[in-house]
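Here is what each chain is made of, one letter per residue.
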Amino acid sequence: MGDTEPQTAGGKVLWHFTMSLDGFVAGPGHGMDWMAGISARPGLIEEYVETTGAVLGGRDGWDQFPDPGAIYGGAWKGPLFVLTHHPEDATPADGVTFLSCDPAEAVRIGLEAAGGKNLEVFSPTIGRQLLELGLIDEIDLHIAPVLLGEGIRLFDNPGGEPIRLHRLGEGDPTSVVNVRYRPVARS
């Protein structure tokens, strides 16, 4: 199985992350330094820049990286919404709207602002809530060749029921995805 088909701008709610092989989307304290030295297929970032109309993130991530100009290396410009219980003490920034509403309302606002393009969800907590509400259209993951061992997981739902997914593209939608890596020798 090769790479997935290119992303399209279809007004989808897209839960989108680069994830370590062991399921973490950020290191401890939302650290992202683990992403240094990884690469993606040519044109991947441009694909998301073109298809993303708005971004919905969470307060913890915003507090760690309060720079909307850093999304996709600064190539993407658009409305960023940060869902928080305490918008009054958030660090303001141009192009950022702090929302204090339920996740479904945040999706409605974000999709409207996306103008027919995709609303990308950059929060594991919000993504889980939206998944439970049936509001995620696609989960788009880029698996990085690194094992973190700790940090912020993509999905935590202790005691919850498994959520079955169908792989997009050709072939059996229930088949596993095979990846093969070799440890890099430490110098």
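Residues numbered from 1 in each chain as written. Predicted model: local features only at pLDDT ≥ 70, side-chain atom pairs only at ≥ 80, totals over all residues. Heavy atoms only, no water.

Caption draft 1: View of a nonpolar patch on the surface. On the surface, a cluster of nonpolar side chains totalling about 830 Å² of accessible area is made up of L21, I139, L141, I143, L147, I163, L165, V177, V179 and Y181. Note that V179 resides in the segment after β8 (152–153). Judged by its relative accessible area of 44%, V179 falls in the partly exposed class. (Patch = residues over 30% accessible without salt bridge, like charges linked within 9 Å, V, L, I, M, F, W, Y side chains within 5 Å. Areas by Shrake-Rupley, 256 points an atom, 1.4 Å probe, with all protein chains shown as cover. Salt bridge = Lys/Arg side-chain N within 4 Å of Asp/Glu carboxyl O. Helix = DSSP H or I, 4+ residues; strand = E, 2+ residues; numbered from the N terminus. Buried < 20%, exposed > 50% of the residue type's maximum accessible area, 1.4 Å probe, protein only.)

Caption draft 2: The arrangement of the nonpolar core in detail. Formed by 20 residues in total, the largest nonpolar core has its most connected members in W15, L56, V121, L130 and I136. Those elements that provide at least two residues to this core are β1 (13–20), β3 (52–58), β4 (80–83), α3 (103–114), β6 (118–121) and α4 (124–132). When residues in this core are grouped by element, the largest group, 4 residues, is from β1. Contact partners of V121, with chain neighbours within four places excluded, come to V13, L14, W15, H16, F17, L56, I126, G127, L130 and I136. Residues L44, W76, A90 and F98 belong to the second largest nonpolar core, which totals 13 residues. (Core = buried A, V, L, I, M, F, W, Y, C linked by side-chain atoms within 4.5 Å. Contact = heavy atoms within 4.5 Å.)

Caption draft 3: Representation of the sheet that holds β6. The 6 strands lie next to each other as β5-β4-β3-β6-β1-β7, forming an open sheet whose pairing is parallel. Looking at which strands have only one partner, the edges of the open sheet turn out to be β5 (96–99) and β7 (138–144). With direction set aside, neighbouring strand axes in the sheet form an average angle of 25°. Taken together, the 4 bridges between β4 and β5 define a ladder with parallel strand orientation. Within β5, the residue paired with F81 across the bridge is T97. Those strands touched by α3 are β1, β3, β4, β5 and β6, and its axis lies near 155° from that of β3. Seen against the sheet, α4 touches β1, β3, β4, β6 and β7 and runs at an angle of roughly 135° to β1. (Pairing = 2+ DSSP bridges. Axes fitted to C-alpha atoms, helices over the stretch in contact; angles between N-to-C directions.)

Caption draft 4: Up close: the layout of surface pockets. Of the voids in this model, the second largest pocket is the one considered here, and its volume is about 300 Å³. Lining the second largest pocket are L21, P145, V146, L147, Y181, R182, P183, V184 and R186. When grouped by side-chain class, the residues that make up the lining of the second largest pocket number 7 nonpolar, no polar and 2 charged. (1 Å grid on protein atoms, 1.4 Å probe; cavity = no way out; pocket = protein on both sides within 12 Å on 5 of 7 lines; lining within 4 Å. Points joined across faces, edges and corners; volume = space filled by probe spheres on them. Nonpolar A, V, L, I, M, F, W, Y, C, P; charged D, E, K, R; others polar.)

Caption draft 5: Highlighting the packing of aromatic side chains. The full count for this structure, using the stated rule, is 3 aromatic pairs. A centroid spacing of 5.8 Å and a plane angle of 70° characterise the contact between W62 and F98, whose relative ring orientation is edge-to-face. With W62 in helix α2 (residues 59–64) and F98 in strand β5, the pair connects residues that are 36 residues apart, well separated along the chain. F98 carries the same exposure label as W62, and that label is buried. Between Y72 and F122, the aromatic rings sit 6.2 Å apart at their centres with planes inclined by 80°, giving edge-to-face as the arrangement. With a gap of 50 residues between them, Y72 in the loop between α2 and β4 and F122 in the loop between β6 and α4 connect regions that are remote in the sequence. By relative accessible area, which is 28% here, F122 ends up partly exposed. A network of ring pairs unites the aromatic residues Y48, Y72 and F122 as a single cluster. (Phe/Tyr/Trp six-rings, centres within 6.5 Å; stacked < 30°, edge-to-face > 60°.)

These figures come from the coordinates and say nothing about function on their own.
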